[in-house]
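Topology and contacts: notes
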Amino acid sequence: MAFASSASAAGVGACLITKTDTNPFFVKMKEGATAKAKELGVDLKTYAGKIDGDSESQVAAIESCIADGAKGILITASDTKGIVPTVKKARDAGLLVIALDTPLDPIATDNLEAGKLIGAWAAATLGDKAKDAKIGFLDLTPSQPTVDVLRDQGFMMGYGIDVKDANKIGDEDDPRIVGHDVTNGNEEGGRKAMENLLQKDNTINVIHTINEPAAVGAYQALKAVGLEKQVLIVSVDGGCPGVKSVTEGVIGATSQQYPLQMAALGIEAIANYAKDGTKPKPTEGKNFFDTGVNLVTDKPANGVKSIDTKEGLAKCWG
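Residues numbered from 1 in each chain as written. Predicted model: local features only at pLDDT ≥ 70, side-chain atom pairs only at ≥ 80, totals over all residues. Heavy atoms only, no water.

For helix α4 (residues 111–126), built from 16 residues, the straight-helix expectation of 22 Å at 1.5 Å per residue is met to within 8% by its first-to-last C-alpha distance of 23 Å. Within the span of α4, buried status applies to N111, A114, G115, L117, I118, G119, W121, A122, A123 and L126. Those residues of α4 that are buried lie in contact with α5 (146–159), β8 (206–209), β9 (232–237), β10 (253–256) and β12 (294–296). A side-chain oxygen of the first residue of α4 lies 3.3 Å from the backbone nitrogen of L112; this N-cap is D110. Note on α4: the residue one or two positions beyond its end, G127, has a positive phi of about 65°. (Helix = DSSP H or I, 4+ residues; strand = E, 2+ residues; numbered from the N terminus. Expected span 1.5 Å × (residues − 1). Buried < 20%, exposed > 50% of the residue type's maximum accessible area, 1.4 Å probe, protein only. Contact = heavy atoms within 4.5 Å. Polar contact = N/O pair within 3.5 Å; in protein donor to acceptor, adjacent residues only side chain to side chain.)

Have a look at this one:
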């Protein structure tokens, strides 16, 4: 599904602001935006935070885009609450601001659904053992950005855990939950967070991870103490390295998303907005334009729709 776009948007300025410029998810997003901008003649400038959670750099980038006279901004917000005043300033200045991946007014993917898919798969895979599982959550940052909350709470919903307040991580009282830790979305963070959870309970056997780099870090920590076969790891993103981790048995299943498509559609949306003020319409039944999600696993579970890693590798990025 795509937008009708003008043949040329020469002279239109746009900005892409990602959380980092190292995570493969955002690298591919930049690639998609750059290619579409070149195709349409859009003048694209790109910015990124130093690390996941670096909202100050994103605020500064928005200010630069306003000053440069850009017509639109694509952003994966590190702090979905704290950045709102700056986003409002941009919109008041006449810019179209589109959130990619992390909801504001997004062209995105359904992160709640992504979480539900891996949660349902984990529960179905464990079968009767699901009711006695010991579950750990490797989340993103203490600020609990929307993408973090949606994936975390979605997993619980899919697994059958009462989330209490669906907008908050950590208020649940299900006895199966060992705990939560944060990873900053990278391997080192995943390793440290996994080590912390093992200190709480070394019988842990299910791990939800915010993304695949964190999942790989968790696996490394488990392997270091000989527990890698004990724990079922699930994740989200669907990059090529992540799908390969599924084929290798590091990750049991991952929810695959499509950042290149998000970014390309975002650039089209800015071009159309510059042309005649048209804004993207949300997917029916949702408050955002959904670019889709697929569960990738080589161990399909009853009642959970999935694709295998061969198809996942054909669709992957990074």
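On to the pattern of salt bridges. Counted according to the given criterion, the structure contains 17 salt bridges. The residue K88 makes a salt bridge to D92 at a minimum N-O spacing of 2.9 Å. With a gap of four residues between them, K88 and D92 both fall in helix α3 (residues 84–92), about one helical turn apart. Like K88, the residue D92 is exposed in the burial classification. Residue D290 pairs with K286 through a salt bridge whose shortest N-O separation is 2.5 Å. (Salt bridge = Lys/Arg side-chain N within 4 Å of Asp/Glu carboxyl O.)

Here the focus is the side chain of T18. By the element assignment, T18 lies in strand β1 (residues 13–18). For T18, a relative accessible area of 4% corresponds to the buried category. Residues in contact with T18, not counting those within four places in the same chain, are F26, M29, Y47, A48, G49, Q58 and T76.

The next thing to look at is the nonpolar core. Core analysis: the largest hydrophobic core is formed by 26 residues, its most contacted members being W121, I135, F155 and Y159. Listing elements by their share of this core, those giving two or more residues are α4, β6 (135–139), α5 and β9. Tallying contributions element by element places α4 first for this core, with seven residues. Dropping the residues within four chain positions of it, F155 is found in contact with G115, K116, I118, G119, A122, I135, F137, V206, H208 and V234. A33, L74, L96 and Y273 belong to the second-largest nonpolar core, a separate cluster that totals 23 residues. (Core = buried A, V, L, I, M, F, W, Y, C linked by side-chain atoms within 4.5 Å.)

Judged by how many residues are buried, β9 sits mostly within the fold: six of six residues are covered. Because side chains alternate across β9, one face comprises the buried residues L232, V234 and V236, and the other comprises I233, S235 and D237, equally buried. Examined bridge by bridge, β8 and β9 share three bridges and lie parallel to one another. Across the sheet, the residue bridging to I207 is I233, located in β9. Taken together, β8, helix α7 (residues 212–224) and β9 constitute a β-α-β crossover, and its handedness is right-handed. When β9 meets β10, the two strands line up parallel, connected through four bridges. The partner of V234 across the bridge, within β10, is A253. Crossover connection from β9 via helix α8 (residues 240–247) to parallel β10: handedness right-handed. (Pairing = 2+ DSSP bridges. Right-handed = clockwise from strand over helix to strand, strands pointing away.)

What follows deals with the state of the cysteines. A full pass over the atoms with the stated rule returns two disulfides. Between the sulfur of C15 and that of C65 lies a disulfide, 2.2 Å long from S to S. Every disulfide takes its handedness from the sign of the S-S torsion; for C15 and C65 that torsion is -125°, giving left-handed. Highlighted residues: C15 in strand β1 and C65 in helix α2 (residues 55–67), separated in sequence by 50 residues. Residue C15 is classed as buried on the basis of its relative accessible area, which comes to 2%. Here C240 is linked by a disulfide to C316, with a sulfur-sulfur distance of 2.0 Å. Taking the sign of the S-S torsion, about 90° here, the bridge from C240 to C316 comes out right-handed. Taken together, the positions of C240 in helix α8 and C316 in the segment after α10 (309–315) put the pair 76 residues apart, joining distant regions of the chain. By relative accessible area, C240 is classed as buried at 14%. On the basis of relative accessible area, C316 is assigned to the buried category, the value being 17%. (Disulfide = S-S within 2.5 Å.)

Our focus in this paragraph is the confidence of the model for the protein. Across the protein, the average pLDDT comes to 92, with 94% of residues at 70 or higher. Segment residues 1–7: pLDDT under 50, and 23 contacts once partners within four positions in sequence are set aside and those in other chains are kept. (pLDDT = per-residue confidence, 0-100.)

All right, on to the environment of A301 then. Take A301: it is sitting in the loop between β12 and α10. For the pair A301 and S55, spaced 246 residues apart in sequence, the C-alpha separation works out to 39 Å. Excluding residues within four positions of it along the chain, A301 makes contact with W121, A124 and T125.

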